[in-house]
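Here are the chains, one letter per residue:
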Amino acid sequence: MVTEALTGVVERPGRSVLTLLGTVLGVGAFVSVLGLTSTATGQIGSSFSLLEDTTVTVDDTGAALHDSLAGQGSGVDFPADTDARLGRLNGVVDAGVWWNVPLRHPVVSARPDVTAAATADSDRAGLRVLAASPGTLRAIQPTLSTGTLFNEFHQRRKERVCILGATAARLLGITRVDNQPAVFIDGTAYTVLGIIATTQRLPQSLLSVLIPSSSALNSYGPPTDDPAQALIRTRTGAAQLIARQAPLALLPAHPGLLHAVPPPDPHALRDQVDTDLSGLFLVLAAICLIVGAVGIANTTLVSVLERRGEIGLRRALGARRRHITAQFLTESTALGALGGLTGTVVGVAVVLGTALARHWTAVLQPYTVLPAPLMGTVVGFLAGLYPALRAARVEPLEALRH
């Protein structure tokens, strides 16, 4: 019976191949979608752990109570020794405070004449001026193209020094710092110590002039429109704990004035991405499988109509209805199984090829790959059920007459 069924499949290779396509696409989509989803979420989890899972921000929610509750004379709710207080927490690598310097329309130029700078360099007037503590500069993990960062010495002495982001330096025409260039903010000179090429955090710093927070408070006062914010870089796995401890460490008497924002749970993020992507693409895979089932059913039904004479002859020679049913069911099941195997190979190849092209680590779950050929077999069996039963109902005499 199996030999006769396989012979029926091989006799029409072109039709058999076209019939396989639907099942191949369906099973291949099933394997590749789940494989790519697992691989992509694995990469999301890896990237998340490296950056987002080690970043905590603390927002100043008590901006209206600066003068009465700060207690440090700094004009902000963050104490003057914020860097040191946060640095003492177990799990903190670097931390500091930053804010937008309260200048409505600052004129930033490489020339001392404010009037001439505002007229000739109007495209540079939009550069931002950020106040940052030394801990903030370390927490953003900058890569310097030249020079060095300002440190606790400049912070303590309220030195008029600055760091330029790469874009700000390009707009100002400053490419080197060995000749001690100066940047003029509303006519006040700040010596450029270094230029940041790239940064892991606080990307707006690339379009900004960064000055010590002590110098900013001394020259321009506390932040007004945009409250100050603390940026904390933690060790992997410590972010949630640091987010709970930071407000109390900074303001033991009024921790409610500060709001710590921990990173989202990486497991929840991976699960959400996995669910969203799998749900969407599995619907497409199911549609492909349905198309494949319809193709197998249609081909098997056409084969029944074309082979009525063969069916009648077999019945006349003693074949029973169950034999005819088994023959056509075997043909459709064989087509489904072959399509399932081919689709599995295609799906695995797609996952591996994508992972290699993107330099990812391919993730293929056994529960995804192993049942895939069986899925094609089941689809072929169900698709051939009706045509096989119809073939079994063919009367020998009527079949031979036609």
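The text that follows walks through the structure, step by step, so that each part is easy to find. Just so we're clear, the structure is a prediction, and the values are computed from it rather than from any experiment. (Residues numbered from 1 in each chain as written. Predicted model: local features only at pLDDT ≥ 70, side-chain atom pairs only at ≥ 80, totals over all residues. Heavy atoms only, no water.)

One ladder, built from five bridges, connects strand S5 (residues 142-147) with strand S8 (residues 188-199); its direction is antiparallel. Each residue of the ladder has a partner; that of Pro142, found in S8, is Thr199. The pairing of strand S6 (residues 161-165) with S8 spans five bridges and is classified as parallel. Within the sheet, the bridge partner assigned to Leu164 lies in S8 and is Ile195. Bridge analysis of strand S7 (residues 182-185) against S8 gives four bridges, and the strand direction is antiparallel. Considered in S8, the bridge of Val183 is made with Tyr190. Where S7 hands over to S8, the hairpin turn is made up of two residues, of which Asp186 adopts a positive phi near 50°. (Pairing = 2+ DSSP bridges. Helix = DSSP H or I, 4+ residues; strand = E, 2+ residues; numbered from the N terminus.)

Turning our eyes to something else, we now look at the packing of helix H12 (residues 308-316) against helix H13 (residues 321-358). Packing of H12 against H13 brings their axes to within 10 Å, and their N-to-C directions diverge by 140°. Considering the angle they form, H12 stands oblique to H13. In this structure, H12 crosses over H13, and the sense of that crossing is right-handed. In contact with Glu310, Ile311, Arg314 and Arg315 of H12, H13 contributes Arg321, Ile324, Gln327 and Phe328. Taken together, the residues that form the contact of H12 with H13 break down as three nonpolar, one polar and four charged. (Axes fitted to C-alpha atoms, helices over the stretch in contact; angles between N-to-C directions. Parallel < 35°, antiparallel > 145°, perpendicular 65-115°, else oblique. Left-handed = near helix turned anticlockwise from the far one by under 90°. Contact = heavy atoms within 4.5 Å. Nonpolar A, V, L, I, M, F, W, Y, C, P; charged D, E, K, R; others polar.)

Let's shift gears to the pattern of salt bridges. Going through the model one piece at a time under the given rule, you end up with six salt bridges. Between Arg138 and Glu152 there is a salt bridge, with the nearest N and O atoms lying 3.2 Å from each other. Highlighted residues: Arg138 in helix H6 (residues 134-139) and Glu152 in helix H7 (residues 152-157), separated in sequence by 14 residues. Each of the salt bridges in this network shares a partner with another, and the network as a whole consists of Asp94, Arg138, Glu152 and Arg233. (Salt bridge = Lys/Arg side-chain N within 4 Å of Asp/Glu carboxyl O.)

For an α-helix, 3.6 residues make a turn, and residues three or four places apart therefore share a direction. Of all the positions in helix H9 (residues 213-220), only Ser213, Ser214, Ser215, Ala216 and Tyr220 are classed as buried. Considering only its buried residues, H9 is in contact with strand S2 (92-100), strand S4 (128-132), H7, S7, S8 and strand S9 (208-212). Downstream of H9 by a residue or two, Gly221 has a phi angle that is positive, lying close to 85°. (Buried < 20%, exposed > 50% of the residue type's maximum accessible area, 1.4 Å probe, protein only.)

It is worth spelling out unusual backbone geometry at this point. One non-glycine residue, Gln180, adopts positive backbone phi at about 50°. Position of Gln180 relative to the elements: it lies in the loop between helix H8 (166-172) and S7. The exposed category is assigned to Gln180, whose relative accessible area is 64%. Backbone geometry places Asp186, a non-glycine residue, at a positive phi of 50°. Mapped onto the elements, Asp186 comes out in the loop between S7 and S8. For Asp186, a relative accessible area of 35% puts it in the partly exposed group.

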